[in-house]
Amino acid sequence: MNGHPKPHTIGIIGPPCSGKSTVAEQLVRLGGVWINADVIAKDQLEVPEVIDSLVGLLGTSILDDSGQLSRPSIASLVFGEDDASQTRLKQLEAIIHPRTREVIDAEIERAVDSRFVILDVPLLLERDWDSICDEVWCLKISPERHRVLLNARGWDLAELERREKRQLPWAQKQSRADWVIENNGTKEELAAKVLERVNSFEQRT
Ligand SMILES: CC(C)(COP(=O)(O)OP(=O)(O)OC[C@H]1O[C@@H](n2cnc3c(N)ncnc32)[C@H](O)[C@@H]1O)[C@@H](O)C(=O)NCCC(=O)NCCS
Ligand SMILES: Nc1ncnc2c1ncn2[C@@H]1O[C@H](COP(=O)(O)OP(=O)(O)OP(=O)(O)O)[C@@H](O)[C@H]1O
């Protein structure tokens with residue numbers, strides 16, 4: 001510690017393609033360190049013992065031609081309403097989440113001198129990782145706008161719904177958030193909202 005106050009830790013949640021990264025990028029410009037759980041979880045899928053454990057649980061169908069794990073193949077086995085899919089998802093999470101949490105804790109330690117730590121963690125509330133946040137921001141986007149951004153990203157709406165059924169309902173997440181950020185305007189309007197919020201809590205602390 002160089003005498004700086006502990007970084008302000010902000011949890012960011014929101015549907016895929018709702019603007020989380022756009023908000024995180026702005027906080028980085030304002031002096032934050034961005035910790036992206038999806039990226040960290042993806043890295044775990046390249047660890048040999050994780051590959052061996054998951055093949056042991058889910059079978060060799062999850063390997064691609066190069067012997068690496070195929071994320072679409074894993075997704076097809078774990079994101080379903082049936083009991084078998086839900087059991088497989090729990091088995092996958094039991095392997096990935098502890099490793100992801102370990103990396104996140106180490107990255108938070110390394111960010112001790114930054115102004116903000118941004119925890120971009122889709123399952124922040126489902127895993128009670130909000131307990132390590134000073135505040136939680138939740139992106140909210142209109143269905144029409146969301147469809148535009150998802151289509152631009154080539155996201156399959158049915159696949160999105162399959163995944164969201166394995167998460168808390170958005171109304172519940174929004175009610176647990178300290179700030180719900182409506183992202184239906186321009187990127188500049190989103191940036192202005194974030195800057196105003198940062199200035200307001202900087203004055204408070
Ligand atoms: C199943 C996997 C291989 C699919 O990989 P893929 O590249 O298609 O998706 P990606 O990891 O980018 O996740 C995209 C979105 O899917 C949703 N999602 C991912 N994992 C989960 C989960 N366990 N439960 C509910 N939703 C999930 C989130 O909204 C996430 O932002 C991957 O999602 C995975 O390993 N999930 C288990 C680890 C996990 O829970 N990660 C979430 C970060 S905390
Ligand atoms: N207000 C906005 N106006 C125009 N484009 C936007 C706006 N907000 C976000 N976008 C664009 O929409 C896409 C999705 O935004 P972003 O990557 O921030 O979402 P995300 O929630 O981080 O997505 P994911 O969860 O998939 O990483 C990006 O191309 C981004 O530039």
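Residues numbered from 1 in each chain as written. Chains lettered and ligands numbered in written order. Predicted model: local features only at pLDDT ≥ 70, side-chain atom pairs only at ≥ 80, totals over all residues. Heavy atoms only, no water.

So, the sheet that holds strand 2 (residues 32-36)
- A sheet is described by the order of its strands in space; here 5 strands give the open sequence 2-3-1-4-5, paired in parallel fashion. Either end of the sheet is taken by a strand with one partner, and the two such strands are strand 2 and strand 5 (179-182). When the angles between neighbouring strand axes are averaged without regard to direction, this sheet yields 25°.
- Across 4 bridges, strand 1 (residues 8-13) lies against strand 4 (residues 135-140) in parallel orientation. (Pairing = 2+ DSSP bridges. Helix = DSSP H or I, 4+ residues; strand = E, 2+ residues; numbered from the N terminus. Axes fitted to C-alpha atoms, helices over the stretch in contact; angles between N-to-C directions.)

Regarding the state of the cysteines
- Under the counting rule described, the total for this entry stands at 0 disulfides.
- Free cysteine Cys138: the closest other cysteine sulfur is in Cys133, separated by 13 Å.
- The class for Cys138 is buried, based on a relative accessible area of 0%. (Disulfide = S-S within 2.5 Å. Buried < 20%, exposed > 50% of the residue type's maximum accessible area, 1.4 Å probe, protein only.)

Concerning the site of ligand 1
- As a matter of local geometry, ligand 1 sits amid 17 residues, with Asp38, Lys42, Arg71, Glu93 and His97 nearest to it.
- A distance of 2.7 Å is found between an oxygen atom of ligand 1 and a side-chain nitrogen or oxygen belonging to Lys42.
- Within the side chain of Arg163, a nitrogen or oxygen atom sits 2.9 Å from an oxygen atom of ligand 1.
- For ligand 1, whose accessible area on its own is 770 Å², the fraction buried by protein is 92%.
- The pocket occupied by ligand 1, as judged from atoms lying within 2 Å of grid points, is the largest pocket.
- Listing elements by their share of the shell around ligand 1, those giving two or more residues are helix 2 (37-44) and helix 5 (83-110).
- The element that contributes the greatest number of residues to the shell around ligand 1 is helix 5, accounting for 5 residues.
- A breakdown of the residues in the shell around ligand 1 according to their chemical character gives 9 nonpolar, 2 polar and 6 charged. (Near = heavy atom within 4 Å. Polar contact = N/O pair within 3.5 Å; in protein donor to acceptor, adjacent residues only side chain to side chain. Areas by Shrake-Rupley, 256 points an atom, 1.4 Å probe, with all protein chains shown as cover. 1 Å grid on protein atoms, 1.4 Å probe; cavity = no way out; pocket = protein on both sides within 12 Å on 5 of 7 lines; lining within 4 Å. Sits in = over half its atoms within 2 Å of the grid points. Nonpolar A, V, L, I, M, F, W, Y, C, P; charged D, E, K, R; others polar.)

Points about the UniProt feature "binding site: ATP" (unreviewed entry) in the protein chain
- Within this numbering scheme, the UniProt entry marks Cys17, Ser18, Gly19, Lys20, Ser21 and Thr22 as carrying the feature "binding site: ATP" (unreviewed entry). Lining the largest pocket, from the residues named above, are Cys17, Ser18, Gly19, Lys20, Ser21 and Thr22.
- Tracing the backbone shows Lys20 in helix 1 (residues 20-29).
- The exposure class assigned to Lys20 is buried, which follows from its relative accessible area of 12%.
- When neighbours within four sequence positions are excluded, Lys20 is seen to be in contact with Ile12, Ile13, Gly14, Pro15, Asp120 and Leu139. (UniProt positions renumbered as here; feature names shortened; annotations may be inferred. Contact = heavy atoms within 4.5 Å.)

Some thoughts on the pattern of salt bridges
- For the structure shown, the criterion picks out 12 salt bridges.
- One salt bridge in this structure joins Lys173 and Glu126, with 2.9 Å as the shortest N-O distance. In this pair, Lys173 sits in helix 8 (residues 170-176) while Glu126 sits in the loop between strand 3 (116-120) and strand 4, placing the two residues 47 residues apart along the sequence.
- Overall, the relative accessible area of 1% leaves Lys173 in the buried class.
- With a closest N to O distance of 3.8 Å, Arg176 and Asp128 form a salt bridge. Here Asp128 lies in the loop between strand 3 and strand 4 and Arg176 lies in helix 8, a separation of 48 residues in the sequence.
- In this structure, a network of salt bridges that share partners links the residues Asp128, Asp130 and Arg176. (Salt bridge = Lys/Arg side-chain N within 4 Å of Asp/Glu carboxyl O.)

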